[in-house]
Amino acid sequence: MRYADGGGLTAGGRQRREAVRLEAAGLFADGLGPPEVARRLRVTLKSAYQWHQLWRDGGGQALASRGPDGSRCRLSPRCLEKLAAYLEQGPAAHGWDEDQVWTGARVATLTGRKFHVTYSVSGATRLMHRLGFTPQVPARRAAERDEQAVAAWKVVT
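No experiment lies behind these values; they were computed from the predicted model shown.

Draft legend 1. Highlighting the nonpolar core. Counting 19 residues, the largest nonpolar core has Leu-75, Leu-83, Leu-87, Trp-102, Leu-110 and Leu-131 as its most contacted members. Of all the secondary-structure elements, those providing two or more residues to this core are α4 (77-89), α5 (104-115) and α6 (121-131). The element contributing the most residues to this core is α4, with 5 residues. With near-sequence residues (within four places) excluded, Leu-75 lies in contact with Leu-80, Leu-83, Thr-111, Phe-115, Val-117, Tyr-119 and Leu-127. Counting 8 residues, the second-largest nonpolar core is a separate cluster that includes Ala-24, Ala-25, Leu-27 and Leu-41.

As structure tokens, this is what we get:
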């Protein structure tokens, strides 16, 4: 399954948030306190106090964006493009014939096979979200399940 966008905060979103923080720095420089800044910029009082402390300790530069959160991706942008293409091909193209779902474990295995980079299941799940995919959980069925009996039951009911 694929999201319309990759999820997370885009570069534009980071810029908008940074603009609000820098506007707060200007208001602090004009002598306004955190409660008034919070009211004017329509942010929480906690954020205004945190920004005020950062501004007081490091000036306006302390409120500048530091880029995207989290650790750096272990795959290069080119490898990420390749991984997205592999995911688009589906699991059957890579040896998982029993169903057509990408699980976190399968994506972790795929990145190990194709790129020689190890990811945990949760890391592979975050990687999938970054690429706009959702991990799927296969349906759990009992080993003793009798498909003919289930089909007959459905007809009767």
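Draft legend 2. Spatial organisation of the pattern of salt bridges. Going through the model one piece at a time under the given rule, you end up with 5 salt bridges. Arg-40 is paired through a salt bridge with Glu-36; the nearest N and O atoms lie 3.0 Å apart. With Arg-40 and Glu-36 both in helix α2 (residues 34-41) and 4 residues apart, the pair spans about one turn of that helix. Judged by its relative accessible area of 24%, Glu-36 is partly exposed. Note that Arg-145 is salt-bridged to Glu-147, the shortest N-O span being 2.7 Å. According to the relative accessible area criterion, Arg-145 is partly exposed, its value standing at 34%. Each of Glu-36, Arg-39 and Arg-40 takes part in one network of salt bridges that share partners.

What counts, and where the lines are drawn
- Residues numbered from 1 in each chain as written.
- Predicted model: local features only at pLDDT ≥ 70, side-chain atom pairs only at ≥ 80, totals over all residues.
- Heavy atoms only, no water.
- Core = buried A, V, L, I, M, F, W, Y, C linked by side-chain atoms within 4.5 Å.
- Buried < 20%, exposed > 50% of the residue type's maximum accessible area, 1.4 Å probe, protein only.
- Helix = DSSP H or I, 4+ residues; strand = E, 2+ residues; numbered from the N terminus.
- Contact = heavy atoms within 4.5 Å.
- Salt bridge = Lys/Arg side-chain N within 4 Å of Asp/Glu carboxyl O.

Spatial relationships are all this shows, so hold off on functional conclusions.
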